[in-house]
Amino acid sequence: MSFQLDRLLGFSRTAPERPAVVFGDSVSEDPQAVAQALSLLPQAQAVSTDTKVGALHPDWDDNAVQEEVDRILAETGQAVPDLIQAGALHSIVSQRS
């Protein structure tokens, strides 16, 4: 309003303009809420490591997620082969017979 009055009285030559307001694509989630959810889901055995990494890094492609999952499983000692699927259990049982 004061710009219009200044211009009308000859004190200003500036023409008022409406600002352009642009909102981002989405609102980012609260990092603390994401961390808490990622902490609680494994306790309930309701989420895989792959899902956790994907949720924490939605901008990563599948290869980057898998590389991180492999690192996590190796660091935590969970990257052991399934003996039943590998056939090792069958050979152990066969050796005892």
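Note that the structure is a prediction, hence the values are computed from the model and not measured. (Residues numbered from 1 in each chain as written. Predicted model: local features only at pLDDT ≥ 70, side-chain atom pairs only at ≥ 80, totals over all residues. Heavy atoms only, no water.)

S.K.: Describe helix 4 (residues 62–75), listing the residues and the values that go with them.
M.R.: Think of an α-helix as 3.6 residues a turn; residues three or four steps apart then line up on the same face. For helix 4, which comprises 14 residues, the first-to-last C-alpha distance of 20 Å matches the rise-based estimate of 20 Å (1.5 Å per residue) to within 8%. Where helix 4 begins, the side chain of D61 points an oxygen toward the backbone nitrogen of N63, at a separation of 3.3 Å. Once helix 4 ends, the next one or two residues include G77, with phi positive near 75°. (Helix = DSSP H or I, 4+ residues; strand = E, 2+ residues; numbered from the N terminus. Expected span 1.5 Å × (residues − 1). Polar contact = N/O pair within 3.5 Å; in protein donor to acceptor, adjacent residues only side chain to side chain.)

S.K.: Could you give an account of the environment of T51, naming the residues involved and the relevant values?
M.R.: Secondary-structure assignment places T51 in helix 3 (residues 49–56). Judged by its relative accessible area of 44%, T51 is partly exposed. As a C-alpha pair, T51 and L38 span 13 residues in sequence and 9.4 Å in three-dimensional space. (Buried < 20%, exposed > 50% of the residue type's maximum accessible area, 1.4 Å probe, protein only.)

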